[in-house]
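Fold and geometry: a report
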Amino acid sequence: QVQLVESGGGLVQAGASLRLSCAASGGTSSTNAMAWFRHAPGKEREFVAAMTRSGSSTIYADSVKGRFIISRDNVKNTVYLQMNSLKPEDTAVYYCAAGPFWEARPNVRYPYWGQGTQVTVSS
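The structure reproduced in this document is the subject of the present report. Just so it is clear, the model here is predicted, and its values are computed rather than measured. (Residues numbered from 1 in each chain as written. Predicted model: local features only at pLDDT ≥ 70, side-chain atom pairs only at ≥ 80, totals over all residues. Heavy atoms only, no water.)

What follows deals with the pattern of salt bridges. Pairs can form between side chains of opposite charge once their charged atoms are near each other. Tallying each qualifying case throughout the model produces 4 salt bridges. Linking Asp90 and Arg38 is a salt bridge whose minimum nitrogen-to-oxygen distance equals 2.9 Å. Of the two residues, Asp90 is situated in the loop between β8 (78-83) and β9 (92-99) and Arg38 in strand β4 (residues 33-39); the sequence distance between them amounts to 52 residues. The salt bridge involving Asp90 is made with Arg67; its shortest N-O contact spans 2.8 Å. Within this pair, whereas Asp90 is found in the loop between β8 and β9, its partner Arg67 is found in the loop between β6 (58-60) and β7 (68-73), the two being separated by 23 residues in sequence. For the pair Asp90 and Arg67, a shared accessibility class is recorded, and that class is buried. Each of Arg38, Glu46, Arg67 and Asp90 takes part in salt bridges that share partners, so that together they form one network. (Salt bridge = Lys/Arg side-chain N within 4 Å of Asp/Glu carboxyl O. Helix = DSSP H or I, 4+ residues; strand = E, 2+ residues; numbered from the N terminus. Buried < 20%, exposed > 50% of the residue type's maximum accessible area, 1.4 Å probe, protein only.)

Now the structure itself:
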């Protein structure tokens, strides 16, 4: 029904920037809320950012506030994550998620997930 495809990951040095993209297909109401999570080896999955289609609800994890920016292109049904001032601790597999929620939330069970894209930040 809904398919999410991430892109834009890579290997960069500390202080660099990357822009991740997540293209959604097969739904609009099912992807009203879209989010980014990340998962580093040996650690629990961590919420990064989320926003609704209208942009009226947008939230960030404290660890990325002021550095990362989430945005959406509703014509393309694509969500982006602009990552600036990257740190080694940002290294993880980044996953796109979506759900039919009216509010952006970090602790809800998103039903749709992408395959993930690797982000590696060297010191």
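The structure having been displayed, the exposition proceeds.
For the structure shown, the criterion picks out 4 aromatic pairs. For the ring pair Phe37 and Phe47, a centre distance of 5.5 Å and an interplane angle of 75° mean the geometry is edge-to-face. Of this pair, Phe37 sits in strand β4 while Phe47 sits in strand β5 (residues 46-52), placing them 10 residues apart in sequence. Just as Phe37 is buried, Phe47 falls in that class too. With centroids separated by 5.0 Å and ring planes inclined at 50°, the aromatic side chains of Phe37 and Trp113 adopt a geometry described as tilted. Of the two residues, Phe37 is situated in strand β4 and Trp113 in strand β10 (residues 112-113); the sequence distance between them amounts to 76 residues. (Phe/Tyr/Trp six-rings, centres within 6.5 Å; stacked < 30°, edge-to-face > 60°.)

Let us look at the nonpolar core. Ranked by size, the top nonpolar core spans 37 residues in total, and within it Trp36, Leu81, Met83, Tyr94 and Tyr110 carry the most contacts. Those elements that place two or more of their residues in this core are β3 (18-25), β4, β5, β7, β8, β9 and β11 (117-122). The contact partners of Tyr94, leaving out residues within four places of it in the chain, are Glu6, Leu20, Trp36, Phe37, Arg38, Val48, Phe68, Leu81, Met83, Gly116, Thr117 and Val119. (Core = buried A, V, L, I, M, F, W, Y, C linked by side-chain atoms within 4.5 Å. Contact = heavy atoms within 4.5 Å.)

Let's shift gears to unusual backbone geometry. Look at Asn77: it is not a glycine, yet its phi comes out positive at around 55°. Looking at the secondary structure, you find Asn77 in the loop between β7 and β8. Residue Asn77 is classed as buried on the basis of its relative accessible area of 8%. Phi at Ser85 takes a positive value of approximately 50°, unusual for a residue other than glycine. Note that Ser85 resides in the loop between β8 and β9.

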